[in-house]
Amino acid sequence: GVVRHLRQVDADHAGVDVAFRADVHAGLSQAQKAIPARWFYDATGSALFEDITALPEYYPTRSETDLLKRHAADLAQAIGPGRAVVELGSGSSTKTPLLLDAISPAAYVPVDISGDFLRDSAEQLAERFPGLPVYPVEADFTQPVPLPREICPLPKLGFFPGSTIGNMVARTAIDLLRIWRKALGDGSQLLIGIDRIKDRETLIAAYDDPAGVTAAFNLNLLERINRELGGDIATANFTHRAVWNDVNARIEMHLVAECDMDFTVDGRAYHMAKGETIHSENSHKYGPRDASLLLRAGGWTPVASWDDADPAFALILAEA
Ligand code: AVJ
């Protein structure tokens, strides 16, 4: 059952995440406007992301789910029973039950910044796995997070699916891997999902679907700013754009201003010229060698990898 919900998020008197406010103002003040991708995931954004994972063009979720199903026995063998599974950015992950079924863990600690989503999914999971202690932690997993004391003596398995690490530039990804290497401790393992570099068409289709779900997901960031930070952004004047940045091996998502405009957030004035963009997400893709190098730089030694061929996606197991 759900043992205890831990909350590690700072809110000001309006109940708005202070970090969101700070990131939006800092990001809108840059020459290339940019807002970190983690702010997509309010209740609406989390629901839209769930819709994305069901799109025929969005292959990562399907590939990773297939890998977990196909290689359950190998995973059980490589990981072993009795670990505390700490999932980073759990959302409403449908992959988690596959992993938990495969490895018989001793505890489950989902860490997610979206509190309501976390609460619901933790309860569903606790129902599905009676006898498994669940300790949801509402927190930004890019910062050091205190773990529930009960799991202290258990060996840990960090579970970081979905290629979420791709949202970070290498420097930040390495910092995060090091934070979790320290938090999970000696003898821990990390099971991480990595999206591979592949042909441009497949990548673009996955991030600019014809049904417009990814566009709605991207635009919700502006609506969230209006809702939570008292913005008056004319969201209808923005469009969604996904581009492949070959030099940095990443998909970038932008919100494109379709005309000159002025708006305010929190009473602060901003201007955008027609064609100017707000860079809202990076999704880095890694070849096998890049992924190994990244993990090693972050303090983890890769020990096994399971690959889906088409479209390419990998699950990598690493040890502390
Ligand atoms: C949740 C970060 C893995 O980068 O593929 C999906 C988010 N953005 N479609 C990704 C996302 C647009 C997703 N991650």
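Residues numbered from 1 in each chain as written. Predicted model: local features only at pLDDT ≥ 70, side-chain atom pairs only at ≥ 80, totals over all residues.

- Under the annotation held in an unreviewed UniProt entry, the protein carries the name Dimethylhistidine N-methyltransferase and is attributed to Sphingopyxis indica.

1. Focus on the nonpolar core
Now for step 1: The biggest cluster of nonpolar side chains holds 81 residues, and the ones touching the most others in it are Val85, Val86, Val109, Ile192 and Ile316.
Now for step 2: Apart from residues no more than four positions distant in its own chain, Val86 is found in contact with Val109, Val111, Leu147, Lys156, Gly158, Phe159 and Leu184. (Core = buried A, V, L, I, M, F, W, Y, C linked by C-beta atoms within 7 Å. Buried ≥ 20, exposed ≤ 12 C-beta atoms within 10 Å, placed from the backbone. Contact = placed C-beta atoms within 7 Å.)

2. What about the site of the ligand?
Now for step 1: Around the ligand, the neighbouring residues are Ile52, Pro60, Gly162, Ser163, Thr164, Gly166, Asn167, Tyr207, Thr214, Glu281 and Ser283.
Now for step 2: Residue classes in the shell around the ligand are distributed as three nonpolar, seven polar and one charged. (Near = placed C-beta within 6 Å. Nonpolar A, V, L, I, M, F, W, Y, C, P; charged D, E, K, R; others polar.)

3. Structural notes on the sheet that holds strand β12 (residues 277-284)
Now for step 1: Spatially, four strands are ordered β2-β12-β9-β8 in an open sheet, and the strand pairing comes out mixed. A single partner strand is all that each edge strand has here, and the edge strands are β2 (33-34) and β8 (238-245).
Now for step 2: Relative to strand β9 (residues 250-257), β8 is paired through eight bridges, and the arrangement is antiparallel. Residue Arg241 lies in a different strand from β9, and its bridge partner there is His254.
Now for step 3: Sheet strands touched by helix α8 (residues 200-207): β8, β9 and β12. Its angle to β8, the strand with the most contacts, is close to 155°. (Pairing = 2+ DSSP bridges. Helix = DSSP H or I, 4+ residues; strand = E, 2+ residues; numbered from the N terminus. Axes fitted to C-alpha atoms, helices over the stretch in contact; angles between N-to-C directions.)

4. Side note on the sheet that holds strand β14 (residues 313-319)
Now for step 1: Read from one edge of the open sheet, eight strands run β1-β5-β4-β3-β6-β7-β14-β13, paired in mixed fashion. A single partner strand is all that each edge strand has here, and the edge strands are β1 (6-7) and β13 (301-308).

5. What about the environment of Pro288?
Now for step 1: In this fold, Pro288 is placed in helix α10 (residues 288-297).
Now for step 2: Along the backbone, Pro288 and Ile151 are 137 residues apart, and their C-alpha atoms lie at a distance of 32 Å.

6. Examining the environment of Asp42
Now for step 1: Tracing the backbone through its elements, the reader meets Asp42 in the loop between β2 and α2 (43-53).
Now for step 2: When the 21 C-beta atoms within 10 Å are taken as the criterion, Asp42 is described as buried.
Now for step 3: Between the alpha carbons of Asp42 and Gly115 there is a distance of 8.9 Å; along the sequence they are 73 residues apart.
Now for step 4: In contact with Asp42, other than residues within four places in its own chain, are Ser114 and Arg224.

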